[in-house]
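Chain by chain, the residues:
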Amino acid sequence: MDTLTYKNFGVDIAEGNRFVQELKHVVKKTFNPLVLGGLGGFSGCFELPNGYKNPVLCSATDGVGSKLKMAIEHDMLDNIGIDLVAMCVNDLICDFAKPLFFLDYYATHKLDTNNALRVIKGIATACEQSGCALIGGETAEMPSIYSKGEFDLAGFAVGIAEKEDLQKRQSIQSGDIILALPSSGLHSNGFSLVRGIIESRNIGITQVMQNGKTLLQSMLEPTRIYVKEFLHFNNEIKGLAHITGGGLKENVVRILGDDVCAIIDESSIKIPSVFNIFLPYISKEEAFLVFNMGVGMVLIVPKEHVLNIISNSDAYVIGHIESGLREVIIR
């Protein structure tokens, strides 16, 4: 009787080993002296940095959502790893945590080393931008779960914060100013709606936008990473809100106390042209609920720090804090 192998059922161990060897030099670029050991262990090990009085570890996990489907369909995989890291580290900094390290999970129908390396290189690039090390990950071939050509991604980030910094948002008060750091576009939210509009309204994705890119390129622009701005202005910020699913209303409210409200001036928001393709087909309420509308990160700061932040970044004023019930009002 012929014996059976794992490869008979779609899982190629040799290809997986080749992939690990290929990515080693990519991953090592993200390492720093706090990384202990290297690739090949059963876990990634990271030494806690010195200099913290009361260190707290913060963690975040996320995926790329259905933006990944569009990237796979059009063979635009080089930046999707940036989205994965960005969605995690942008959440970490909202708790005043400096990213330390990142892990990824890559699950696929059948491992294509070349395509997988394109994704991992994007992850490594984003880790370097975020100042965090890519210390581990998992690659799984599951032909019984995923269709041919399909794969999925998940990311996991850990950061470190001072315990007292976690309480900063409690000092948000009437008179504080709301600043916006622009998004690079859609980021990684709302793609189920975007894809639905494109298909139901027959919108051409090869049309050229005001930025000189096609609509497809504009939609797949990678999520902006805000770690450098956070590290630079950390001591001047009372609160940060990563604007993802739920938009401005459902994300800014998460950092407000019970006795204050956020007033946002809709006319002050700089909306990128890519959004204008989809806005005619949905209500304003839906747009602000699903999309970031051009605001990737919100900073709440005292008046005395506004000029310095605006002068040294691309932040701009979109509103202010008032006394009131805990809510976000866009008007």
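Predicted model, so just to flag it, every value in this text is computed and none were measured.

(A) Expanded view of the pattern of salt bridges. Across all of its chains, the model carries 13 salt bridges by this definition. Between Arg195 and Glu199 there is a salt bridge whose closest N-O contact spans 4.0 Å. Separated by four residues within a single helix, Arg195 and Glu199 lie in helix α5 (residues 191–200), roughly one turn from each other. Taking relative accessible area as the criterion, Arg195 reaches 17% and is therefore assigned buried. Relative accessible area serves as the criterion here: at 55%, Glu199 is assigned to the exposed category. Close ionic contact of Arg331 with Glu322 constitutes a salt bridge, the shortest N to O distance being 4.0 Å.

(B) Expanded view of the domain arrangement of the chain. Split into domains, the chain comes out as domain 1 (6–163) and domain 2 (169–330). Taking the mean C-alpha position of each, domain 1 and domain 2 sit 26 Å from one another. With 27 residues of domain 1 at the interface, the matching set in domain 2 holds 32 residues. The largest share of the area that domain 1 buries against domain 2 comes from Lys67, Met70 and Phe96, three residues that together contribute 27% of it.

Conventions and cut-offs
Residues numbered from 1 in each chain as written. Predicted model: local features only at pLDDT ≥ 70, side-chain atom pairs only at ≥ 80, totals over all residues. Heavy atoms only, no water. Salt bridge = Lys/Arg side-chain N within 4 Å of Asp/Glu carboxyl O. Helix = DSSP H or I, 4+ residues; strand = E, 2+ residues; numbered from the N terminus. Buried < 20%, exposed > 50% of the residue type's maximum accessible area, 1.4 Å probe, protein only. Domains from an automatic or database assignment. Contact = heavy atoms within 4.5 Å. Buried area = accessible area lost by both parts, 1.4 Å probe.

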